[in-house]
Amino acid sequence: KTDNFVPLICFVYYPPAFLGCFRDVFVDSRLLLPVIAPEGSRIQANITVGCSDKDKCDDSPCQNRGRCVSQGWRGYLCECHRPYEGNNCAEEYITARFGNKDLESYAVFSLDDDPGDTVIISMFIRTRQSSGLLLIMTNSTSQYLRLWLEAGMIKVQVNNFETLVGRAVINDGHFHLVTLKLEGVVATLFQSAQSQGSMPIRLIQVHPGDMVYVGGLPDSRASASFGGYFKGCIQDLRINNKRLQFYQISTPVESYNLEQLISVAEGCSSDNACAVNPCLNGGVCYSMWDDFICNCPPNTAGRRCEEVKWCELSPCPAAATCQPLSQGFECKYPDNRFQSCIMPYRSNGKIKRSLTSVSLSFRSRRLAATLLHAHKDSNYLTVSLLNSHVVMDLQVGGDKDNVSIQSQTQFSDGKWHTVKLSLETQASTSSWIMIVDGGKEAISVSKTAVGDLEFLSKEVDIFLGGLSLDAGVDLSGCLGPVEIGGLLLPFHPDTELNLPRPQEEQFLRINSNAPLLYGCWGASVCTPNPCRNEGVCEDLFDLHQCTCSSEWTGHLCQDSTDPCISGPCLYGNCVSLPGGYKCVCEQGYSGEQCEVEVDMCEKSNCSHGATCLKGFQTYSCLCPQNMTGQYCELPQLPVSTCTGTRWNYSCFNGGNCAEAEDACYCLPGFTGQWYDMHNDSSFAHN
C-alpha cells in the first residue's frame with residue numbers, strides 16, 4: 001500500500017438465471033437431472049419435477065385487483081390499480097397524514113426535469129374539512145398553479161388568474177382520486193374519472209428547480225388565504241408518471257426529491273374526536289375517522305344530543321299542545337277567552353335577539369278594543385281595534401313622530417283573524433308593515449320608521465286584553481297565540497307545567513293567580529231561544545241567527561211567509577202575491593186593507609138641492625117639497641088631504657081621496673094607499 005494506491009472495485013456480471021426445463025442431463029454417464037434430492041439437501045433450489053407450461057396468470061398472482069398480463073412461457077406482468085405498486089401489486093403507497101392533532105403541516109418537493117407541455121397532477125385525498133390548501137407550484141417569481149378546498153369542493157387557479165371550481169363535494173371522509181390535466185391551453189378537472197369542468201388557460205411553463213408545496217406554505221398567513229393548512233390524508237401524489245413520495249416504498253419507482261416534511265405523519269390516523277367529550281345530555285361518543293357519532297339517550301336528538309325532545313316528556317297541561325323549539329318548548333293553547341282578566345307579561349331579562357315583529361290572532365265583535373299594550377317612559381306599543389280596523393301605534397326612543405298603521409278592512413265580524421307586524425329594512429330605510437290574514441288583505445306600510453321593540457326586552461309590563469290591570473278588561477272576545485320577536489307570550493303560568501321551560505330567552509306571565517278561561521266561546525245568545533215560531537237558533541259568536549221554517553220569516557221568525565194568514569183585509573178578501581198580498585174590498589169599502597168605508601153620497605145623483613141619506617152599500621135622496629123622484633128629478637104633484645073614519649091621511653102625487661076607507665085614487669104610474677114622493681112606494685102614515 002502506497003500513498004498513490006487507488007482501490008479498484010470490480011463488478012462481475014452474471015446473466016439472468018435460466019428459466020426452462022432440463023431432461024436427461026448426464027455428466028460422465030451419470031444422470032444429474034432429473035433426480036429427487038434428499039430432504040434438507042442444499043444441492044437444489046427452486047426446482048420442481050416435470051415441465052408444465054401452465055400460464056402463470058391462471059394462479060391470479062396480482063393482488064389488490066391488479067390485472068395479470070401473460071408474458072410468454074411462464075412469464076407475466078401485473079398492471080396495478082392505484083395506489084398499489086410492485087411485481088404483484090402487493091405494496092401500497094404510504095399515505096401522509098396532514099394536520100394531525102391540528103398541527104400546521106406541509107411538505108416541499110423540488111422538480112428536477114421538465115414534464116413537457118402536458119402536466120397531469122393526481123392524488124388521493126381524504127378529509128372532513130371544507131377548506132384547506134392542497135398544492136401550490138411555484139418558481140422563483142410567482143405561484144403559477146394552486147389547488148385548494150373551498151366549501152368542500154376542489155378549486156383550481158392557474159397563472160394567478162384563471163379559476164375553475166369542481167362540482168362535487170369531497171369532504172365526506174372517504175378517499176377521492178382527484179386529477180388536474182393541463183394540456184396546452186386547456187385545464188380539465190376530474191374526480192374519479194368524472195369530469196368536473198374545464199376552462200381555457202394561458203400556457204404554463206414548468207422548469208427544473210420549481211418547487212411544489214403540499215398541504216400548506218411555510219407562512220401561515222399565506223396559507224390562510226386558501227382556507228388554512230390542509231387537515232386530512234394524501235396518497236399516491238404524481239406529476240405525470242413521476243411520484244412525489246412523502247415516505248418511500250420498497251419498490252423502486254421514479255420520484256421527485258422531497259426537500260421538507262413538516263409535521264406530516266405516516267399513515268392515515270384519526271384524531272380522537274371523543275377526547276373533548278362532544279356528546280351532551282348523557283350521549284355516548286364513538287370515534288370515526290376525524291369525526292364522531294353520538295349515541296343519544298331517549299328523548300334527545302341532534303348530532304351532539306343537544307336537542308332534547310321535550311315534548312316527548314309531556315311537559316304541558318292536557319289542554320295545551322307542546323311545540324318543540326331549538327332550545328326548549330312552548331305550550332300552546334289553540335285560543336283563549338277574555339272575560340274578566342287582563343294578562344300581564346314581562347321579559348326574563350335574558351332576551352338578546354332583536355325584537356322586530358309582533359304576531360297574534362283574535363276574534364271579536366267589539367268595534368273598539370285593546371289587544372296588546374306596553375308602555376315605559378316615552379316608549380309605547382299598542383295593537384288595538386278602532387272602528388273595527390286593526391291599528392298599531394308605536395313610539396320608540398322619545399321620537400316626536402310615532403308610527404301608526406291601520407288596516408284597510410274592518411275585522412269586528414266574530415271570525416278569526418291573524419295579524420303580522422314586522423320591521424323591514426331596505427337599503428338605508430326601514431318601515432313597519434302590517435299583514436292581516438296572511439296577506440289576504442292589503443298590506444299597510446307605515447309612513448315613518450322608528451326603531452325596533454328592544455324596550456320590551458327590559459323590565460316592561462306587557463298587557464293582553466287591556467291597557468293595564470287597573471284599567472280593566474277592554475277586550476270581549478278571544479286571543480290566539482301571541483308572539484313578540486318569535487317568542488311566545490304563554491297563556492299558562494310556569495306553575496301549571498309539568499317541566500320548566502329550559503330556553504334562555506322567555507317572556508313570563510306574571511300575576512298568575514288571575515283566572516283565565518281556556519277555549520273560545522261567545523255569549524249565550526241562544527239560551528233562551530230568541531227565535532219564535534219554532535225557529536232554530538245558530539250561535540255566530542256573540543251574535544245569533546234564526547233559521548225559520550217555510551211558514552215564517554224575519555230576524556226572529558216573527559213574520560209569516562203567507563201574508564194572508566193574519567187576515568189583514570178588514571172588509572174584503574186577501575190574495576197572496578210574491579213578496580206581499582192584495583185586498584179585494586167589499587162594496588162600500590176601500591183602502592190597502594179595506595179599512596176605509598166608502599162615502600156613498602160622495603158621488604150621488606141627488607138633484608135640485610136634495611139631501612143625500614147614506615145607507616149600507618147604497619143611498620137615498622130627501623127631496624125638497626116641490627120635487628120628487630128617486631133622485632128628486634121630478635116636480636112635486638099636488639097632495640090631497642083626506643078625512644077618514646079612523647085618521648086623516650093624504651093622497652100624494654095628484655091622487656084623490658077615495659070613498660073607500662083610507663084609500664086614494666092614484667094617477668097612472670102611482671100606486672099605494674098613499675104615496676112616498678121619493679120612490680113610489682106606499683107608507684103607513686100616522
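Residues numbered from 1 in each chain as written. Predicted model: local features only at pLDDT ≥ 70, side-chain atom pairs only at ≥ 80, totals over all residues. Heavy atoms only, no water.

Named according to an unreviewed UniProt entry, the protein is Crumbs cell polarity complex component 1 originating from Oreochromis niloticus.

**Q** Hey, could you run me through the overall build of the protein in this one?
**A** Scanning the protein from terminus to terminus reveals one helix and 59 strands. The C-alpha radius of gyration computed for the protein amounts to 59 Å, which surpasses the reference 26 Å derived for 686 residues by more than 25%, pointing to a less compact arrangement than a globule. Viewed in the frame of its principal axes, the protein has a C-alpha envelope of about 220 × 75 × 55 Å. Every one of the 686 residues in the protein was classed for burial, and the buried ones make up 39%. Entry remark: accessible area of the protein is about 38,700 Å², with carbon and sulfur atoms responsible for 50%. Each charge class in the protein can be summarised by its mean position, and for the 50 positive and 74 negative side chains these summaries are 13 Å apart. (Helix = DSSP H or I, 4+ residues; strand = E, 2+ residues; numbered from the N terminus. Rg over C-alpha atoms; globule rule 2.2 N^0.38 Å. Buried < 20%, exposed > 50% of the residue type's maximum accessible area, 1.4 Å probe, protein only. Areas by Shrake-Rupley, 256 points an atom, 1.4 Å probe, with all protein chains shown as cover. Lys, Arg positive; Asp, Glu negative; His and termini not counted. Charge placed at Lys NZ, Arg CZ, Asp CG, Glu CD.)

**Q** It is not clear to me how the sheet that holds strand 29 (residues 343–347) should be interpreted in this structure. Could you clarify?
**A** Strand pairing within a sheet occurs via backbone hydrogen bonds; the two strands may be parallel or antiparallel. Spatially, the seven strands line up as an open sheet ordered 34-33-32-31-38-29-42, and their pairing is antiparallel. Each having just a single partner strand, strand 34 (403–410) and strand 42 (507–509) make up the two edges of the open sheet. The sheet shows a mean angle of 15 degrees between the axes of neighbouring strands, taken without regard to direction. Pairing of strand 29 with strand 42, which is carried by three bridges, proceeds in the antiparallel orientation. Across the sheet, the residue bridging to Ser-347 is Phe-507, located in strand 42. (Pairing = 2+ DSSP bridges. Axes fitted to C-alpha atoms, helices over the stretch in contact; angles between N-to-C directions.)

**Q** Which parts of the structure should I look at to understand the state of the cysteines?
**A** When the sulfur atoms of two cysteines share a covalent bond, that bond is a disulfide. This model, assessed by the stated rule, comprises 21 disulfides. Two residues share a disulfide in this structure: Cys-233 and Cys-268, whose sulfurs sit 2.0 Å from each other. Linking Cys-233 and Cys-268, the disulfide has an S-S dihedral of approximately 105 degrees and is accordingly described as right-handed. Within this pair, whereas Cys-233 is found in strand 18 (residues 232–239), its partner Cys-268 is found in the loop between strand 21 (265–266) and strand 22 (284–288), the two being separated by 35 residues in sequence. Using a relative accessible area of 0% as the deciding quantity, one classes Cys-233 as buried. (Disulfide = S-S within 2.5 Å.)

**Q** Just to check I follow, could you spell out the UniProt feature "domain: EGF-like" (unreviewed entry) in the protein for this structure?
**A** If you check UniProt for "domain: EGF-like" (unreviewed entry), the listed places come out as residues 53–90, 270–306, 522–558, 560–595 and 597–633 in our numbering. Helix makes up 0% of residues 53–90 and strand 26%, with an end-to-end C-alpha separation of 25 Å. Taken end to end, residues 597–633 comprises 0% helix and 30% strand; its first and last C-alpha atoms sit 28 Å apart. (UniProt positions renumbered as here; feature names shortened; annotations may be inferred.)

**Q** Hey, could you run me through the UniProt feature "domain: Laminin G" (unreviewed entry) in the protein in this one?
**A** Within this structure's numbering, the places UniProt gives as "domain: Laminin G" (unreviewed entry) are residues 96–268 and 332–520. Taken end to end, residues 96–268 is 3% helix and 50% strand, and its first and last C-alpha atoms sit 6 Å apart.

**Q** Just to check I follow, could you spell out the sheet that holds strand 20 (residues 257–262) for this structure?
**A** With respect to topology, seven strands assemble into an open sheet ordered 13-12-11-10-17-8-20, the strand pairing being antiparallel. Two strands in the sheet have a free side with no partner beyond their single neighbour: strand 13 (162–165) and strand 20. Within this sheet the neighbouring strands show an average axis-to-axis angle of 10 degrees, counted without direction. Summarising the sheet, strand 10 (residues 132–138) and strand 11 (residues 143–150) pair through six bridges and their orientation is antiparallel. Paired with Thr-138 across the strands is Gln-143, a residue of strand 11.

**Q** Help me out: how do you make sense of the environment of Asp-59 in this one?
**A** Mapped onto the fold, Asp-59 is located in the loop between strand 2 (30–33) and strand 3 (67–70). Residue Asp-59 is classed as partly exposed on the basis of its relative accessible area, which comes to 46%. Sequence separation of Asp-59 and Cys-621 is 562 residues, and the distance between their C-alpha atoms is 152 Å.

**Q** When you look at the nonpolar core in this model, what are you seeing that I'm missing?
**A** In a soluble, globular protein the nonpolar side chains are often hidden away together inside. Ranked by internal contacts, the top residues of the largest apolar core, which has 49 residues, are Leu-381, Leu-453, Leu-456 and Ile-484. The element contributing the most residues to this core is strand 31 (residues 369–376), with four residues. In this structure Leu-453 touches Leu-355, Ser-357, Val-358, Leu-381, Leu-394, Trp-432 and Ile-484, once residues within four positions along its chain are discounted. Core analysis: the next-biggest nonpolar cluster, separate from the first, contains 40 residues, Ile-121, Met-123, Val-212 and Leu-244 among them. (Core = buried A, V, L, I, M, F, W, Y, C linked by side-chain atoms within 4.5 Å. Contact = heavy atoms within 4.5 Å.)

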